Amino acid sequence: LVEAALPQTVPMSFSMNQVRPLIVGVEVCARVRVESVKETQRAGTVASESKSTPANNVDGGYEIFLSTEVVREHDDAVIAEGTHRVWIPSYLTM
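Scoring rules and cut-offs
- Residues numbered from 1 in each chain as written.
- Predicted model: local features only at pLDDT ≥ 70, side-chain atom pairs only at ≥ 80, totals over all residues.
- Heavy atoms only, no water.
- Core = buried A, V, L, I, M, F, W, Y, C linked by side-chain atoms within 4.5 Å.
- Buried < 20%, exposed > 50% of the residue type's maximum accessible area, 1.4 Å probe, protein only.
- Helix = DSSP H or I, 4+ residues; strand = E, 2+ residues; numbered from the N terminus.
- Contact = heavy atoms within 4.5 Å.

Enquirer: Before we go on, may I ask you to explain the nonpolar core in this structure?
Expert: Note on soluble globular proteins: their nonpolar side chains tend to be buried together. Membership of the largest hydrophobic core is limited to five residues, which are V2, I64, L66, V86 and I88. Listing elements by their share of this core, those giving two or more residues are β3 (52-72) and β4 (78-89). Once residues within four sequence positions are removed from consideration, V2 is found in contact with V32, L66, T68, H84 and V86.

Enquirer: Which parts of the structure should I look at to understand the environment of M12?
Expert: Mapping M12 onto the fold places it in strand β1 (residues 10-18). Along the backbone, M12 and V86 are 74 residues apart, and their C-alpha atoms lie at a distance of 5.2 Å.

Enquirer: Can you help me understand the environment of V86 in this one?
Expert: You can see V86 is positioned in strand β4. Filtering out sequence-adjacent residues up to four positions away, V86 remains in contact with V2, L6, T9, V10, P11, M12, Y62, E63, I64 and L66.

Enquirer: Would you mind going over unusual backbone geometry with me for this structure?
Expert: For residues besides glycine, phi is generally negative; the peptide bonds are generally trans as well. Although it is not a glycine, D76 sits at a positive phi angle of roughly 60 degrees. When you line up the elements, D76 lands in the loop between β3 and β4.

Enquirer: Teacher, can you tell me more about the side chain of T68 here?
Expert: Topologically, T68 is positioned in strand β3. The class of T68 is buried, set by a relative accessible area of 10%. Setting aside residues no more than four positions away along its own chain, T68 makes contact with V2, M16, R31, V32, A80, E81, G82, T83 and H84.

Here is the structure:
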């Protein structure tokens, strides 16, 4: 779901824990909540024909920390919950 909602992000880490079994045919709802956003800098590299060398520029972006959960629609019971950390390059925010 995170990849579908934020398709051009770079996944950094994630964890999901199953709390209850997911039963086929039961309607569920996925929720994603933004917990924090922080501006970051990442060193870029330039690929040459012979080897990769460090670039003189630094690419900026935003590190996003998300909490996620899947709940049953009829009683709001949590099926799975977890966290995701993704990076969004700053050129996507223009």
